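Observations on the three-dimensional arrangement
One-letter residues, chain by chain:
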Amino acid sequence: MSPQQILYALPGNDELYNAMLSAGGFDGGLLEVSRFPDGESYLRFETNPEGKHIALFASLNDPDAKLVSLLLAARTARDLGAASVGLIAPYMPYFRQDIAFRPGESVSARHIGAILSDNFSWVVTVDPHLHRLTQMADVFSIPASVASSTNAMAAWIIKNTECPIICGPDSESEQWVSKIAGACGAPYLVFQKTRYDAKSVEVAVAPDLDISGYTPVIIDDIISTGGTVMSLAKELARLGSRPAICCVVHALFSSDVEDRILGARVDRVITTNSISHRTNAVDISEALAESTKATFSTIANMGTNIAK
């Protein structure tokens, strides 16, 4: 990798960041981040970004606690003469609020896209929650790329699951379910979900469904409260299926969610390492490195002074 391209990690991202450096052959820079006693952020680039195409690496779960440091780092890099400043965010927040469901609500997906577009030259993320906003260009005004976890997830399923049938709890999940099923050479089903409130979900399963002989593999992009996954797992168990395996891209687990999912006749919960968690079993560093290298190449060909 050219020495003119440097990656810097913000705190809490070391494991995936180091795996990605190795997978992509990137140069890593040193960025000091700490907090003053009053809670304000302190930043210092120990590796000078002047004249370099750089990227900041930060998975943005718990985003309100991370965004100020991230934005300060982006602006500091430009002050120091970085040729461009990209963002590698394995998890991208706020995309689920993509319309105003009630009058007066913030359409957070558009707003976070505008904030990041104003401060970065480009962005790479992993399997963002795109639904009513269907493409990255609906959110960002800068070059934006998606690294897919499909192949890594499919490889894990093939290696660890006997006779899988890939199951999506709702129409939103079909974009991942169909691709993973194709990569596994497995059949798939997509069900219908009704959400009553933030914690109450019902997944409809036909009473005559027969998936005997298959291991249900429930796929979703995000687990937070786990209600959707648990509803589907319980319905499948009621029909006499094998215990399900739950495969999720982003582990946004709240409190005891993993234990409650396992109590809903789920044999195992596995996630990618987009967010560090004990359930991480699928490494996305290679996919993330490939997307980042392609983006770096595109940006470098656009010229040496594209930082805002």
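Residues numbered from 1 in each chain as written. Predicted model: local features only at pLDDT ≥ 70, side-chain atom pairs only at ≥ 80, totals over all residues. Heavy atoms only, no water.

**Regarding the overall build of the protein chain**
The secondary structure content of the protein chain amounts to eight helices and 16 strands. Expressed along its principal axes, the backbone C-alpha trace of the protein chain runs to roughly 65 × 45 × 35 Å. Across the 308 residues in the protein chain, those meeting the buried criterion constitute 50%. Counting every atom, the protein chain has about 13,900 Å² of accessible surface; 48% of that belongs to carbon and sulfur. If the 24 positive side-chain charges of the protein chain are averaged to one point and the 34 negative ones to another, these points end up 2 Å apart. (Helix = DSSP H or I, 4+ residues; strand = E, 2+ residues; numbered from the N terminus. Buried < 20%, exposed > 50% of the residue type's maximum accessible area, 1.4 Å probe, protein only. Areas by Shrake-Rupley, 256 points an atom, 1.4 Å probe, with all protein chains shown as cover. Lys, Arg positive; Asp, Glu negative; His and termini not counted. Charge placed at Lys NZ, Arg CZ, Asp CG, Glu CD.)

**Observations regarding the packing of helix H4 (residues 150–160) against helix H5 (residues 174–184)**
Two numbers describe how H4 lies on H5: the axes approach to 9 Å, and their chain directions differ by 55°. As far as their axial angle goes, H5 and H4 are oblique. The element H4 and its partner H5 pack so that their crossing is right-handed. Mapping the contact onto sequence places Thr150, Asn151, Met153, Ala154, Ile157 and Ile158 in H4 and Lys179, Ile180, Ala183 and Cys184 in H5. Within the contact of H4 with H5, the residues separate by chemical class into seven nonpolar, two polar and one charged. (Axes fitted to C-alpha atoms, helices over the stretch in contact; angles between N-to-C directions. Parallel < 35°, antiparallel > 145°, perpendicular 65-115°, else oblique. Left-handed = near helix turned anticlockwise from the far one by under 90°. Contact = heavy atoms within 4.5 Å. Nonpolar A, V, L, I, M, F, W, Y, C, P; charged D, E, K, R; others polar.)

**So, the sheet that holds strand S9 (residues 164–168)**
In any sheet, the strands associate via hydrogen bonds between backbone groups, in a parallel or an antiparallel arrangement. Spatially, six strands are ordered S10-S9-S13-S14-S15-S16 in an open sheet, and the strand pairing comes out parallel. Edge positions in the sheet fall to strand S10 (188–190) and strand S16 (280–282), since each has one partner strand and no second. Along the sheet, successive strands turn relative to each other by an average axial angle of 35°, direction set aside. Pairing between S9 and strand S13 (residues 215–223): four bridges, direction parallel. Note on S13: the bridge partner recorded for Cys167 is Ile218. The strands that H4 touches are S9, S13, strand S14 (244–251), strand S15 (266–272) and S16; relative to S14, the one it contacts most, it runs at about 155°. (Pairing = 2+ DSSP bridges.)

**Comments concerning the side chain of Thr215**
Tracing the backbone shows Thr215 in strand S13. Using a relative accessible area of 10% as the deciding quantity, one classes Thr215 as buried.

**Brief notes about the environment of Ala251**
Position of Ala251 relative to the elements: it lies in strand S14. The exposure class assigned to Ala251 is buried, which follows from its relative accessible area of 5%. For the pair formed by Ala251 and Pro63, sequence separation is 188 residues and the distance between their alpha carbons is 14 Å. Beyond its immediate chain neighbours, meaning those up to four positions away, Ala251 contacts Ile223, Thr271, Ile275, His277 and Thr279.

**Observations concerning the nonpolar core**
By size, the foremost hydrophobic cluster in this structure holds 37 residues, and its most contacted members are Leu7, Ile157, Ile219, Cys247 and Leu288. Once residues lying within four places of it in the same chain are set aside, the contact partners of Ile219 are Ile157, Ile166, Cys167, Gly168, Pro169, Ser173, Trp176, Val177, Ile180 and Cys247. Ile6, Phe45, Leu130 and Val139 belong to the second largest nonpolar core, which has 32 residues in total. (Core = buried A, V, L, I, M, F, W, Y, C linked by side-chain atoms within 4.5 Å.)

**Let's talk about the sheet that holds strand S1 (residues 5–9)**
Taken together, six strands build an open sheet; the order of strands is S2-S1-S5-S6-S7-S8 and the sheet is parallel. Unpaired on one side and paired on the other, strand S2 (27–29) and strand S8 (144–147) mark the two borders of the sheet. In this sheet, adjacent strand axes meet at a mean angle of 25° when their direction is disregarded. One ladder, built from five bridges, connects S1 with strand S5 (residues 53–57); its direction is parallel.

**Here's the deal with the packing of aromatic side chains**
Under the counting rule described, the total for this entry stands at six aromatic pairs. Ring centres of Phe26 and Phe296 lie 6.2 Å apart, and the angle between their planes is 50°; on these two criteria the pair is classed as tilted. Highlighted residues: Phe26 in the loop between helix H1 (14–24) and S2 and Phe296 in helix H8 (residues 285–302), separated in sequence by 270 residues. When sorted by exposure, Phe26 lands in the same class as Phe296, which is buried. (Phe/Tyr/Trp six-rings, centres within 6.5 Å; stacked < 30°, edge-to-face > 60°.)

**Topic: the pattern of salt bridges**
One side chain can pair with another of opposite charge once the charged atoms of both are near each other. The tally for this structure, following the rule as stated, stands at five salt bridges. Ionic pairing is found between Asp170 and Lys193, a salt bridge with its closest N-O pair at 2.8 Å. Residue Asp170 is located in the loop between S9 and H5, and its partner Lys193 is located in strand S11 (residues 192–195); the two are separated by 23 residues in the primary sequence. The salt bridge partner of Asp259 is Arg278, with a shortest N-O separation of 4.0 Å. Of this pair, Asp259 sits in helix H7 (residues 257–262) while Arg278 sits in the loop between S15 and S16, placing them 19 residues apart in sequence. (Salt bridge = Lys/Arg side-chain N within 4 Å of Asp/Glu carboxyl O.)

Don't take any of this as a statement about function, it's just geometry.
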